[in-house]
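Commentary on secondary and tertiary structure
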Amino acid sequence: MRRAASLFALALACCITIAAAPARAAAPGWSVVTADDSELTRRIERDLYARLARIARLPQKVTIAIGPVALRRAVTQRREGMVFSAYTSSQVLHQVIAKVDEPYISGIYAEPSPMDQLQLIALLYKRPVAVAAIVSAEAEFLSTLVPGLTLERIAPEGGDINQALNRVADVPVLLAWPDRAVFNSENVRNILLSTYRHGQGVIGFSADMVSSGALATTYSTPEDINIQIVETLAQYEASGQLGPPQFPRYFRTAINEGLARSLKVPVSDAARTFERRPGAAR
């Protein structure tokens, strides 16, 4: 489950384009739009429909878009109501929101909360450490989310990732962000190899990155995200306010124990068990 969920999150964060699929009919007040017919998407959709049965009627119609292709389709075809994005990166969602004239889009980002990632870093290193992130202008909003983060900027097109990595080589921890100008399927392994040579720990944005050579990450399963979708819509049903997009609320942690030993990062049980599950006290 972990690998499938993380691969799905990585694919969506990198905006892999897939053919659009029609929306299924739903109860009054909401519908679900998907963009492919893969086994994982069907699993997400089945689980989400079962959980949405508790939602009776919403203040406005809400179209739940699963992934970036479905999100763009839902926005293009919208005539009324709200669009709720899920399984789409914050970078892509911000780009979509910037192109509309009224605030009718909300959702849950695909990647982990940077604040949860920083807490994981504190549990791993047990001391204050500098953290850097390599981003393009399209992910500049990260600086407002994480005050004090060292940002190394790279050109959206044609930026030299190796030069950027060298400029932050002395920073102990690199926070990986799903920025298409920085990370892609062709260079991610080389980036992880370069940071290993620099003795840096990379906090990834998916569990699959940990399997590939990142030090650790928090990650959410599709069930975690679906529970949060339903909780958010239940709040909307009760209050009439949908609110802005948010990061995943529920998560667990993946740690590359072998890499941690190589980097001389002692992993505590507190780091291994760092999680937030549905029903736990917040």
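Our structure is the block above this text.
The present account deals with the structure reproduced in this document. (Residues numbered from 1 in each chain as written. Predicted model: local features only at pLDDT ≥ 70, side-chain atom pairs only at ≥ 80, totals over all residues. Heavy atoms only, no water.)

Tallied over the full model, the rule gives six aromatic pairs. On the numbers, 5.3 Å between centres and 65° between planes, the contact of Trp 30 with Tyr 49 is edge-to-face. Here Tyr 49 lies in helix α2 (residues 39–52) and Trp 30 lies in strand β1 (residues 30–33), a separation of 19 residues in the sequence. As far as the burial class goes, Trp 30 and Tyr 49 line up, both buried. Here the aromatic rings of Phe 141 and Trp 177 are separated by 6.5 Å at their centres, their planes lie at 70°, and the arrangement is edge-to-face. Of this pair, Phe 141 sits in the loop between β5 (131–135) and α6 (142–145) while Trp 177 sits in the loop between β7 (173–175) and α8 (188–197), and the two are 36 residues apart along the sequence. Across the pair, exposure class does not vary: Phe 141 and Trp 177 are buried alike. The rings of Tyr 109, Phe 141, Trp 177 and Phe 247 are connected pair by pair, giving a single aromatic cluster. The ring centre of Tyr 104 lies 3.7 Å from the NZ or CZ of Arg 78, which sits over that ring. (Phe/Tyr/Trp six-rings, centres within 6.5 Å; stacked < 30°, edge-to-face > 60°. Helix = DSSP H or I, 4+ residues; strand = E, 2+ residues; numbered from the N terminus. Buried < 20%, exposed > 50% of the residue type's maximum accessible area, 1.4 Å probe, protein only. Lys NZ or Arg CZ within 6 Å of the ring centre and 35° of its normal.)

This next bit is on the pattern of salt bridges. This structure, assessed with the given rule, holds 13 salt bridges. A single network of salt bridges, built from pairs that share partners, joins Glu 257, Asp 269 and Arg 272. (Salt bridge = Lys/Arg side-chain N within 4 Å of Asp/Glu carboxyl O.)

Here helix α3 (residues 68–77) crosses helix α4 (residues 90–98) at 10°, and the two axes come no closer than 11 Å. Between α3 and α4, the angle falls in the class roughly parallel. Contacts between α3 and α4 pair Pro 68, Leu 71, Arg 72 and Val 75 from the former with Val 92, Leu 93, Gln 95 and Val 96 from the latter. A breakdown of the residues in the contact of α3 with α4 according to their chemical character gives six nonpolar, one polar and one charged. (Axes fitted to C-alpha atoms, helices over the stretch in contact; angles between N-to-C directions. Parallel < 35°, antiparallel > 145°, perpendicular 65-115°, else oblique. Contact = heavy atoms within 4.5 Å. Nonpolar A, V, L, I, M, F, W, Y, C, P; charged D, E, K, R; others polar.)

It is worth stressing that arrangement in space is one thing and function is another; only the former is reported here.
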